[in-house]
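A closer look at the structure
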Number of protein chains: 2
Amino acid sequence: MGVVIPLGESKKEPAGIEKLIGLVAGGMERVNELILAKAGSDVEMIPEVANHLISSGGKRLRPMITLAAAEMFDYHGEGHVKLATSVEFMHTATLLHDDVVDESDMRRSKPTARMIWGNQASVLVGDFLLGQAFRMMVEVGSLDALEVLSAAASVIAEGEVMQLAAAKNLETTEDEYLAVIKAKTAALFSAAAEVGPIIAGAAKSDRAALRSYGLNLGLAFQLVDDALDYGGNAKDLGKNTGDDFREGKITLPVVLAYRRGTDAERAFWKSSLENGENDDTALENARGLMLKYGALPDTIQRARHFGEIARDALAPLKPSPQKDALLDVVEFCISRIN
Amino acid sequence: MGVVIPLGESKKEPAGIEKLIGLVAGGMERVNELILAKAGSDVEMIPEVANHLISSGGKRLRPMITLAAAEMFDYHGEGHVKLATSVEFMHTATLLHDDVVDESDMRRSKPTARMIWGNQASVLVGDFLLGQAFRMMVEVGSLDALEVLSAAASVIAEGEVMQLAAAKNLETTEDEYLAVIKAKTAALFSAAAEVGPIIAGAAKSDRAALRSYGLNLGLAFQLVDDALDYGGNAKDLGKNTGDDFREGKITLPVVLAYRRGTDAERAFWKSSLENGENDDTALENARGLMLKYGALPDTIQRARHFGEIARDALAPLKPSPQKDALLDVVEFCISRIN
């Protein structure tokens, strides 16, 4: 199943996120407690559905970024724990709704909530978690943080609708595709990073630096994710490889292979992604075309480009363990593909 | 199709909401402009879906209540217009998600958004409107108003999940049913009313009065709605009469008729609501049993009870045109059934 992707450059060892995990371990313990507390409800089905997803072993990258981005500016208090939990709830709500929208059966190697409790529960528990996220933000009381996170909520939904409208349209350009992932993925990373300096009362330039870091990290993260869906190994990925192909999603590897292809190859893409002729043979063929045109290494190259911007966004900040850890995250996101 | 409900008492002319409409006309013009502006997006599908529902002629009762509840305490400014619009967006988002959850085909005499654009767009545009609602609240900048409205968002979703869990369970008690509608309907009416005095900087006792008014008005409103689904006329109602029956929803008229029935009648309720034998003949039979046991007039009687509590909640407030108008709303909600 796994395909070895010829990356050309990048021979160094993939950096991990051990530094980040170590730095925010204390805060993440409280985030995890808060997740359990705030996903609770007298309505039995709510914690059942929520815990199914919450306990399924996501990396919790976004809340870790929020914690590190606050502690980087010497924040002392509990507000960043609440904001980090809000960010994770917004993410979880999005996943619940996404699975309904995409009609996904599996996520992180487990059946999706909608397969167990139905679409209805997934929609409503997502709504509940979003409501809880806002309540926690309000408790923190920072209007600036509220503004950033509520704007992200709108933009994420806008991105999902954009993606729905672009679905199965192979004429989607790379720019249009970037606009989609900027909204549906990068906006939350950006907000997660920016609320750190906000709650710490850091300077405007620090807010801008973290916002830019998060945005570009998010773009890189999503591009690598898209490449992994064609090049990764289902076990490592914790989701079904080939999902994007079967769902007819137009991601950058497809955009590149389609635009660089012959007329006959473009006809293949149309039949498989627009008309649903997407069995395993078609998937292997798709992978072959991506190999032929270097679509996966070039997608990673694009990710690397945004990763560089993320790194440069943090460059002016004074050295700190948090800065080091956040720089490692960039490398971690990109090197997942190796 | 329409069934005349013997209400027993209540012979007076149904009061209207003309007073309320007249009082808040200026504010509602700005609410309507804001609705159009904030439902806008470069992503074409979003305003299409949003406008379908927004332009479908709901009464906009909730935002009118917010405006009147603020003006009642001499509020001058534009914050109440934004909060009223937020409330309407929260309501619209709930409707979009409800139609998906209930698999409804028609609402307000028009096909539901999900029938035209699909479940996916309904889920996502609902999410977008919820995000926009929060952005507007944040713009207003009142943390108290944010707290009340974000709590309502969680509670509404909780109520919907409760309803889902109770669906097709005829052993639901009246208390359990009241807990559902308190969460899914009354919480938003309550929040819509309470944010008025909040933004006007009124006293705590005024907040409590309006909160209680909204909560009980909401309960009365939902109970009458439930009765209308069995006793109303499809044209007046703007939705399909009998929808609740076909969807297997356990509402108070059903709870009463079921609990008061014979074993044979209870077997009928089980076959129709739990097992889906719900054709037109079954619906007529259900209506016959409700008539036999006075289930509809007693549901209205319960609504009247909450209506009285709503009226008494406002009693200590000094006379004002807004107070008169809000008292009329209670009578309007209940007399819809005549």
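Heads up: the structure comes first, above all this text.
A few points on the structure. Note that this is a predicted model, so its numbers are computed, not measured.

1. Examining the overall build of chain A
The helix and strand inventory of chain A stands at 16 helices and two strands. Computed over C-alpha atoms, the radius of gyration of chain A comes to 20 Å, within 12% of the 20 Å expected from 2.2 N^0.38 for 338 residues, which places it in the range of a compact globule. For chain A, the spread of C-alpha atoms along the three principal axes comes to 60 × 50 × 30 Å. The burial tally for chain A puts 62% of its 338 residues in the buried class. Counting only contacts in chain A whose residues sit at least 6 apart along the sequence, the fraction spanning at least 24 positions is 77%. In the form shown here, chain A has an accessible surface area of approximately 12800 Å², with 51% of it arising from carbon and sulfur atoms. Counting 36 positive and 49 negative side-chain charges, chain A places the averaged centre of each group 3 Å from the other.

2. Description of unusual backbone geometry
Residues and elements named next belong to chain A. Despite not being glycine, D74 shows a phi value in the positive range, around 60 degrees. Of note, E103 is a non-glycine position whose phi angle comes to about 55 degrees, a positive value. In this structure, E103 sits in the loop between α5 (79-102) and β1 (106-107).

3. Overview of the side chain of T85(A)
Tracing the sequence through the fold places T85(A) in helix α5. For T85(A), the residues in contact, after removing those within four places along its chain, are V31(A), L34(A), I35(A) and M136(A).

4. Things to note about α5(A)
Residue and element names in this part refer to chain A. Here α5 contains 24 residues, and its C-alpha end-to-end distance of 34 Å stays within 8% of the 34 Å for a straight helix at 1.5 Å per residue. Across the 24 residues that make up α5, a large majority, 23, are buried. Looking one or two residues past α5, E103 carries a phi angle of roughly 55 degrees, positive in sign.

5. Some remarks on empty space enclosed by the protein
One pass over the full model with this rule turns up eight cavities of 30 Å³ or more. In this structure, the largest cavity spans a volume of roughly 160 Å³. Lining the largest cavity are 13 residues, with D127(A), T94(B), L130(B), A153(B) and I156(B) positioned closest to its centre. Those elements that place two or more of their residues in the lining of the largest cavity are α6 (113-140) of chain A together with α5 (79-102), α6 (113-140) and α7 (143-166) of chain B.

6. Brief notes about the pattern of salt bridges
Residues and elements named next belong to chain A. Scanning the entire structure with this criterion turns up 40 salt bridges over all chains. R114 serves as the salt-bridge partner of D105, at 3.4 Å between the closest nitrogen and oxygen. Residue classification places R114 among the buried positions, given a relative accessible area of 15%.

7. Some words on helix α3 (residues 45-54) of chain B
Counted residue by residue, α3(B) has eight buried out of ten residues, so it is predominantly covered. What α3(B) keeps buried is the set M45(B), I46(B), P47(B), V49(B), A50(B), H52(B), L53(B) and I54(B). For α3(B), the secondary structure elements touched by its buried residues are α7 (143-166) of chain A together with α2 (25-38), α5, β1 (106-107), β2 (110-111) and α6 of chain B.

8. Brief notes about the interface of chain A and chain B
With 35 residues of chain A at the interface, the matching set in chain B holds 35 residues. A buried area of about 3300 Å², summed over both sides, lies between chain A and chain B, and 78% of it is on carbon and sulfur atoms. Of all residues in chain A, Q120(A), L124(A) and V161(A) give up the largest surface area on contact with chain B, accounting jointly for 17% of the area buried on that side. Along the contact surface separating chain A from chain B lie zero salt bridges. On the surface where chain A and chain B come into contact, there are ten residue pairs in polar contact (both at pLDDT 80 or more). Of all elements in the fold, only α3 (45-54), α5, α6 and α7 of chain A reach the threshold of two or more residues within the side of chain A that touches chain B.

9. Some points on the packing of aromatic side chains
Throughout the structure, instances matching the rule amount to seven aromatic pairs over all chains. Taking the centre distance of 3.5 Å and the plane angle of 5 degrees together, the rings of F134(A) and F134(B) count as stacked. Linking F134(A) in helix α6 with F134(B) in helix α6, this pair reaches from one chain into another. For the pair F134(A) and F134(B), one class covers both residues: buried. Between Y230(A) and F245(A), the ring centres sit 6.3 Å apart and the planes meet at 80 degrees, which makes this aromatic pair edge-to-face. A residue pair is termed long-range when its members are at least 10 positions apart, and Y230(A) in helix α9 (residues 204-231) and F245(A) in helix α11 (residues 243-246) qualify at 15 residues. You'll find Y230(A) and F245(A) in the same group, each marked buried. We note R62(B) situated over the ring of F221(B); from NZ or CZ to the ring centre the distance is 5.7 Å. R266(B) extends its terminal NZ or CZ atom over the ring of Y258(B), reaching a point 5.7 Å from the ring centre.

10. What about the packing of α3(A) against α6(A)?
All names here are of chain A. Taken N-terminus to C-terminus, the directions of α3 and α6 make an angle of 100 degrees; their axes are 9 Å apart at the nearest point. On the basis of the axis angle, α3 is roughly perpendicular to α6. Across the interface between the two elements, M45, I46, E48, V49, A50 and H52 from α3 touch A113, I116, W117, A121, V125, F128 and L129 from α6.

11. Topic: the relation of the copies chain A and chain B
You can overlay chain A on chain B at an RMSD of 0.0 Å; the transform is a turn of 180 degrees with a shift of 0.0 Å along its axis. Overall, the copies show the geometry of a two-fold rotation axis. The position closest to the rotation axis in chain A is occupied by the C-alpha of V123(A), lying 3.7 Å away. Here 100% of the contact residues of chain A are again contact residues in chain B; the copies associate through an equivalent surface.

12. Quick notes on the nonpolar core
L210(A), Y213(A), W269(A), L210(B), Y213(B) and W269(B) are the most contacted members of the largest nonpolar core, which totals 234 residues. The contact partners of Y213(A), leaving out residues within four places of it in the chain, are I65(A), A193(A), A310(A), A313(A), L314(A), L326(A), V329(A) and V330(A).

13. Some thoughts on the packing of α5(A) against α6(A)
All names here are of chain A. Closest axis-to-axis distance for the α5/α6 pair is 8 Å, and the angle between their directions is 155 degrees. Judged on the interaxial angle alone, α6 and α5 are roughly antiparallel. Between α5 and α6 lies a crossing whose hand is left-handed. Residues that form the contact of α5 with α6 fall into these classes: 15 nonpolar, nine polar and five charged.

Conventions used here
Residues numbered from 1 in each chain as written. Chains lettered and ligands numbered in written order. Predicted model: local features only at pLDDT ≥ 70, side-chain atom pairs only at ≥ 80, totals over all residues. Heavy atoms only, no water. Helix = DSSP H or I, 4+ residues; strand = E, 2+ residues; numbered from the N terminus. Rg over C-alpha atoms; globule rule 2.2 N^0.38 Å. Buried < 20%, exposed > 50% of the residue type's maximum accessible area, 1.4 Å probe, protein only. Contact = heavy atoms within 4.5 Å. Areas by Shrake-Rupley, 256 points an atom, 1.4 Å probe, with all protein chains shown as cover. Lys, Arg positive; Asp, Glu negative; His and termini not counted. Charge placed at Lys NZ, Arg CZ, Asp CG, Glu CD. Expected span 1.5 Å × (residues − 1). 1 Å grid on protein atoms, 1.4 Å probe; cavity = no way out; pocket = protein on both sides within 12 Å on 5 of 7 lines; lining within 4 Å. Points joined across faces, edges and corners; volume = space filled by probe spheres on them. Salt bridge = Lys/Arg side-chain N within 4 Å of Asp/Glu carboxyl O. Buried area = accessible area lost by both parts, 1.4 Å probe. Polar contact = N/O pair within 3.5 Å; in protein donor to acceptor, adjacent residues only side chain to side chain. Phe/Tyr/Trp six-rings, centres within 6.5 Å; stacked < 30°, edge-to-face > 60°. Lys NZ or Arg CZ within 6 Å of the ring centre and 35° of its normal. Axes fitted to C-alpha atoms, helices over the stretch in contact; angles between N-to-C directions. Parallel < 35°, antiparallel > 145°, perpendicular 65-115°, else oblique. Least-squares fit on C-alpha atoms with pLDDT ≥ 70 in both. Core = buried A, V, L, I, M, F, W, Y, C linked by side-chain atoms within 4.5 Å. Left-handed = near helix turned anticlockwise from the far one by under 90°. Nonpolar A, V, L, I, M, F, W, Y, C, P; charged D, E, K, R; others polar.

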